[in-house]
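# Breakdown of the fold
Here is how the chains run, residue by residue.
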Amino acid sequence: MSKFSDAVLLALGNSDGLKSALTPQGDTTGVRTLVGAVNDSDLVRVDRVQDVAVGDIALQVPFVPPRRVEGDLSRILPSHARTDLRLGIAGDPVWADILARVRVELVAEVDPGGVEDVVTRLVDTSGTLDEFRAQVPFLDVDEFMKHHHLKTIEDLRDAYEYLVAEFRMRAPPVFDPADPANAYGIEIAVAVLVLDSLDLTAGLRAAKEFRAATGHLLSPAGATVPGEAVAPYAVAVVLPTPGAASDPTTGDVTKLFAGEGVLSLFFPTP
């Protein structure tokens, strides 16, 4: 390990240090990135993060991704036989420099989704072809008729009966951020990876290699915010703080990484 990595472990390898890094001067933007990385929240809009607590921390945790080898074994004598062969082989470990459990208390507006009602009606085929088209504007009638070898409105009428269903979605209630029903807690596991240089390509690759190595694991998170869990771990990458005139700005790096669902943290070079 380099002096930079050692310094990061000493500074962030405890609850207080990691919380300060995740919420610099009370800014919870990075925490939102972590929450979004492990939960598919298309139906959830986070209004605000109320509190962040860092729980258990482990340092230098290895994850061994499984490798699968498939083939077959054949023999000719004394009689022909063939057996399918599948082997699970451990790959090289991928390391999380810091692994932490983070509890996030937040207020969120949740779209309840669902269907309010459904109305089904029979399409009238007694008129002209244009009148039929007007009743089903979402259907390419010409392509439909071509596919089913139909040429006239009479052919269309004789071939099938046509139903149109209209769905009305359930409207969400007016959002009240003060309503306790809109307060949620989510517990996520955060893997922190430390890079010794300001190498954005290496940082993103490291984050995605970690995701690929751990994606098969069941999520250890205890999410209570509606939304499907999409990853077992949120990933944060620690990089040296930009200092040279040619270095990218922290804002540019943060935006780039956040676009890939990765939190970027910066630490001064010792």
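Everything discussed here concerns the structure shown above.
No experiment lies behind these values; they were computed from the predicted model shown.

About the cut-offs
- Residues numbered from 1 in each chain as written.
- Predicted model: local features only at pLDDT ≥ 70, side-chain atom pairs only at ≥ 80, totals over all residues.
- Heavy atoms only, no water.
- Helix = DSSP H or I, 4+ residues; strand = E, 2+ residues; numbered from the N terminus.
- Expected span 1.5 Å × (residues − 1).
- Buried < 20%, exposed > 50% of the residue type's maximum accessible area, 1.4 Å probe, protein only.
- Contact = heavy atoms within 4.5 Å.
- Polar contact = N/O pair within 3.5 Å; in protein donor to acceptor, adjacent residues only side chain to side chain.
- Pairing = 2+ DSSP bridges.
- Axes fitted to C-alpha atoms, helices over the stretch in contact; angles between N-to-C directions.
- Core = buried A, V, L, I, M, F, W, Y, C linked by side-chain atoms within 4.5 Å.

Glancing now at helix α7 (residues 200–214). For an α-helix, the turn length of 3.6 residues means that residues three or four places apart are oriented alike. For α7, with 15 residues, the first-to-last C-alpha span of 21 Å sits near the 21 Å given by 1.5 Å per residue. Within α7, the full set of buried residues consists of G203, L204, A207, F210, A213 and T214. Of the surrounding secondary structure, the elements contacted by the buried residues of α7 are β2 (44–63), β5 (94–110), β8 (183–194), β10 (234–240) and α8 (250–259). At the N-terminal boundary of α7, the capping side chain belongs to D199, with an oxygen 3.2 Å from the backbone nitrogen of T201.

This next bit is on the sheet that holds β10. Across the sheet, 5 strands lie side by side as β2-β5-β8-β10-β11; this open sheet has mixed pairing. Looking at the sheet topology across the chains shown, the edges are occupied by β2 and β11 (263–267). The mean angle between the axes of side-by-side strands here comes to 30°, regardless of whether they run parallel or antiparallel. With 10 bridges joining them, β5 and β8 adopt antiparallel strand pairing. Across the sheet, R101 pairs through a bridge with A189, a residue of β8. Its contacts with the sheet place helix α2 (residues 15–22) against β2, β5, β8 and β11, and it is angled at close to 135° to β2.

Among the nonpolar cores identified, the biggest contains 35 residues, and L18, L22, V102, V104, V190 and V238 are the most heavily contacted of them. For this core, the secondary structure elements donating two or more residues are α1 (3–12), α2, α3 (29–38), β2, β5, β8, β10 and β11. Ranked by the residues each element gives to this core, the list is headed by β5, at 7 residues. For V190, the contacting residues outside a window of four places in its chain are L34, I98, L99, A100, V102, A234 and A236. Core analysis: the next-biggest nonpolar cluster, separate from the first, contains 18 residues, A207, F210, V235 and V262 among them.

This paragraph deals with unusual backbone geometry. Residues other than glycine seldom take positive phi values, yet Q60 does so here, at roughly 50°. By relative accessible area, Q60 is classed as partly exposed at 27%. Phi at H149 takes a positive value of approximately 60°, unusual for a residue other than glycine. Structurally, the position occupied by H149 is in the loop between α5 (141–147) and α6 (153–159). On the basis of relative accessibility, which here comes to 70%, the residue H149 falls in the exposed class.

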